[in-house]
Structures are given as C-alpha cells and as structure tokens.
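The chain contents come next:
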Amino acid sequence: MTIDKDSDDWIAKSPATGALIIDGGADLNNTLDPTLEFPTYTRYAVVASCFVIQGLSCGLVHSWGVQQEYLAANVYVGETSKIKTLSYIGTLMYFSLYLWGMLAGWLAEV
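Described below are features of the structure shown in this document. (Residues numbered from 1 in each chain as written. Predicted model: local features only at pLDDT ≥ 70, side-chain atom pairs only at ≥ 80, totals over all residues. Heavy atoms only, no water.)

Turning next to the overall build of the chain. Helix and strand counts for the chain come out as 4 helices and 4 strands. Each helix and strand of the chain, ordered N terminal to C terminal, gives the series β-β-β-β-α-α-α-α. Burial analysis of the chain (110 residues in total) assigns 10% to the buried set. Sequence-distant contacts in the chain: of pairs separated by 6 or more residues, those separated by 24 or more amount to 14%. Carbon and sulfur atoms provide 65% of the accessible area of the chain, an area that totals close to 8900 Å². (Helix = DSSP H or I, 4+ residues; strand = E, 2+ residues; numbered from the N terminus. Buried < 20%, exposed > 50% of the residue type's maximum accessible area, 1.4 Å probe, protein only. Contact = heavy atoms within 4.5 Å. Areas by Shrake-Rupley, 256 points an atom, 1.4 Å probe, with all protein chains shown as cover.)

Structure (structure tokens):
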C-alpha cells in the first residue's frame, strides 16, 4: 500500500486492486475486496465449521426418536417413569433449539 501525504487526508492505493482509499476507510472506487482482508483458508474454515455445528445440533435433535426407541425397548424395559422422562428430554431438546434460535436472532438484531 502506498501513501501520499500531499493533503490533510492521507490517500492510499491498494496494490492488488488499484483502488484509492482515503483515511483508511472510504474507497473512491466503491470496490471492497474481501480477499485482501481474509485469506482463502479462513473463509472455507468458517463455512466448514458452520456446516459441522449445524449438522451436529440438528442431527442430534432429529435422531432423538431412534435413540429414545432403543432406550425404551432395551435399557428401560418396564420402567414407565423413566420412559416418560425420555419423552420429556426429547421435548425439551426441541423446545431449547427453537428458544435459543429466537434469542440468537434477537441478539443478532441488537
């Protein structure tokens, strides 16, 4: 980046795009190049980690019915109170998923 100090404001020229930048933020050509700010591996790592987190959180909740059926048929045979507890666990998982989703959406807007 080259700096020209002929005026009160400093002017910088980006070597990659050739765009002129005044005061380090205002771009004269109105072109923003995110590849200058974030390297390629960082962008793909963020996308991959979001994919994994989404898959784990939704996958666990949506596969709960299979796990509940296994526990009710093989582990807690004849124990109705524990089978009811398994139902509450599944219900609370769905509830908490949507509750935290609403709170996260609200926090993102603030």
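From this point, the narrative continues.
This part is about the packing of helix H2 (residues 40-62) against helix H4 (residues 80-109). Viewed as axis vectors pointing N to C, H2 and H4 meet at an angle of 150°, and their least axial separation amounts to 9 Å. By the angle between their directions, the pair H2 and H4 is classed as roughly antiparallel. Considering the relative orientation of H2 and H4, their crossing is left-handed. Taking contact as the criterion, the partners of Leu60, Val61 and His62 in H2 are, on H4, Met93, Tyr94 and Leu97. Of the residues assigned to the contact of H2 with H4, the class counts are 5 nonpolar, 1 polar and no charged. (Axes fitted to C-alpha atoms, helices over the stretch in contact; angles between N-to-C directions. Parallel < 35°, antiparallel > 145°, perpendicular 65-115°, else oblique. Left-handed = near helix turned anticlockwise from the far one by under 90°. Nonpolar A, V, L, I, M, F, W, Y, C, P; charged D, E, K, R; others polar.)

On the surface, Phe51, Val52 and Leu56 cluster together into a nonpolar patch covering about 350 Å² of accessible area. If you trace the backbone, Leu56 turns up in helix H2. (Patch = residues over 30% accessible without salt bridge, like charges linked within 9 Å, V, L, I, M, F, W, Y side chains within 5 Å. Salt bridge = Lys/Arg side-chain N within 4 Å of Asp/Glu carboxyl O.)

What follows concerns the nonpolar core. Counting residues in each nonpolar core, the largest one holds 5 residues, listed as Val61, Trp64, Leu71, Leu86 and Met93. Elements represented by at least two residues in this core include exactly helix H3 (64-75) and H4. Non-local contacts of Trp64, meaning those with residues more than four positions away in its chain, are made with Leu86, Ile89, Gly90 and Met93. (Core = buried A, V, L, I, M, F, W, Y, C linked by side-chain atoms within 4.5 Å.)

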